[in-house]
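Per-entry structural report
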Amino acid sequence: MSSQRRLNVFVNVPFDAAYEPLFEALVFSVFACGYRVRCALEDSDSGDIRLDKLVELIRESPRSIHDLSRIERGENELPRFNMPFELGLALGAKRFGRRPRDRIKIMVGERYKLPAYLSDLGGNDPDAHENQPDKVIRIVRNYLQRSPRGGVLAGPAKLSSDFATFKGRLPAIAKGINFEPNEVRGYADYPTFTWCVARFLTEPGTEDDD
Amino acid sequence: MAKAIKKRDDGKRYVWRDASSGRFLDVVVADPPVKPKGVSVAKIREAIRKSGGGSTSARKQK
């Protein structure tokens, strides 16, 4: 496995406004653990076939995180099948693509509800985030367990604290690069947001140490 | 007061103090796959520095 590919974590989550705080927490924790997020938002080339793009992202990612928490009907009264579909692609790659070492994490909104709407995944033990960013951070951190080099990861509380610090400073960071605060967000400008996360994690802090 | 962390060769490390051992630990932070358009990464780094720095409270600038 190439050194770059082993860092990739494919993220399959809903792209709606209510989910954005959870998405931002997810992105932050993946990078803080030494990995990098791969998701459909990274490519704005509308000439690409969406399915081809998804297949390529899954092909390049030995790890993936899937959120099945959106089970309500959307604004058009239709259910959204994208997340279960992409989970199926990842499971298919693992089973039939000679990739048994792929690791897949399934998140849900509420524990114990999954069998009622996706009974084929019976026996899996999804993690429930209850729409709380701190719980997403804990789930991601515990799923990854170790850094890509096998090192110890910061604990969930430390990651949550640093995420809160990052969010608090993001308006000033946005201003510093001539953006409005609401323009540097997980969904509004995904590439800029991820680079802000990655660079924030590597800049020395200013807090005193004991 | 903690000793300053030695400067790393690649400058892409997220450093923190392990609560149980008290030791400093770190991970290498990966670059995202797509660079932002219309703003340089150096400009982002400068903006973060001016905003008060990053998240790594264990490190203190000397």
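A short tour of the structure in this document, coming up. Given the structure is predicted, the values throughout are model-derived calculations rather than measurements. (Residues numbered from 1 in each chain as written. Chains lettered and ligands numbered in written order. Predicted model: local features only at pLDDT ≥ 70, side-chain atom pairs only at ≥ 80, totals over all residues.)

1. Section: the overall build of chain B
Scanning chain B from N- to C-terminus turns up one helix and two strands. Secondary structure elements of chain B occur, N-terminal to C-terminal, as β-β-α. Among the 62 residues that make up chain B, the fraction classed as buried is 35%. Within chain B, counting contacts between residues at least 6 apart in sequence, those at least 24 apart form 41% of the total. (Helix = DSSP H or I, 4+ residues; strand = E, 2+ residues; numbered from the N terminus. Buried ≥ 20, exposed ≤ 12 C-beta atoms within 10 Å, placed from the backbone. Contact = placed C-beta atoms within 7 Å.)

2. What to know about the pairing of strand 2 (residues 24-28) of chain B
Residue and element names in this part refer to chain B. As defined by bridge partners, strand 1 (residues 13-17) adjoins strand 2 across five bridges and the pair is classed as antiparallel. Following the sheet pairing, Arg17 is matched in strand 2 by Phe24. Linking strand 1 to strand 2, which pair antiparallel, is a turn of six residues; within it Gly22 sits at a positive phi near 80 degrees. (Pairing = 2+ DSSP bridges.)

3. What about helix 5 (residues 133-144) of chain A?
Residue and element names in this part refer to chain A. Relative to the 16 Å expected for 12 residues at 1.5 Å per residue, helix 5 spans 17 Å between its end C-alpha atoms, a close match to the ideal helical length. All of the buried residues in helix 5 are Pro133, Val136, Ile137, Arg138, Ile139, Val140, Arg141 and Leu144. Elements in contact with the buried residues of helix 5: helix 1 (20-32), strand 3 (63-67), strand 4 (103-108), strand 5 (127-128) and helix 6 (156-176). Following helix 5 by one or two positions, Gln145 adopts a phi angle in the positive range, close to 65 degrees. (Expected span 1.5 Å × (residues − 1).)

4. What about the packing of helix 2 (residues 50-59) of chain A against helix 3 (residues 82-96) of chain A?
All names here are of chain A. Across the interface, helix 2 lies against helix 3 with an axial gap of 10 Å and an inter-helix angle of 45 degrees. Considering the angle they form, helix 2 stands oblique to helix 3. Handedness of the helix 2/helix 3 crossing: right-handed. On the side of helix 2, the interface is formed by Leu54, Val55 and Ile58, while helix 3 contributes Glu86, Leu89, Ala90 and Ala93. A breakdown of the residues in the contact of helix 2 with helix 3 according to their chemical character gives six nonpolar, no polar and one charged. (Axes fitted to C-alpha atoms, helices over the stretch in contact; angles between N-to-C directions. Parallel < 35°, antiparallel > 145°, perpendicular 65-115°, else oblique. Left-handed = near helix turned anticlockwise from the far one by under 90°. Nonpolar A, V, L, I, M, F, W, Y, C, P; charged D, E, K, R; others polar.)

5. Concerning the interface of chain B and chain A
Contact residues are listed per partner, giving 42 residues for chain B and 41 residues for chain A. With 10 residues, helix 1 (residues 41-51) of chain B is the largest single contributor of residues to the side of chain B that touches chain A.

6. Comments concerning helix 1 of chain A
Residue and element names in this part refer to chain A. Between its first and last C-alpha, helix 1 extends 18 Å over 13 residues, near the 18 Å set by a 1.5 Å rise per residue. Counting buried residues along helix 1, 11 of its 13 residues qualify, which places the element largely inside the surrounding structure. Looking only at helix 1, the buried set comprises Leu22, Phe23, Glu24, Ala25, Leu26, Val27, Phe28, Ser29, Val30, Phe31 and Ala32.

7. What about unusual backbone geometry?
All names here are of chain A. Located in the positive-phi region is Arg98, a residue other than glycine, with phi close to 55 degrees. As for its position among the elements, Arg98 is in the loop between helix 3 and strand 4. Exposure remark for Arg98: the 8 C-beta atoms within 10 Å place this residue in the exposed category. Positive phi, close to 65 degrees, is recorded for Asn178, a residue that is not glycine. With respect to the helices and strands, the residue Asn178 is situated in the loop between helix 6 and helix 7 (190-202). Given 11 C-beta atoms within 10 Å, Asn178 falls into the exposed group.

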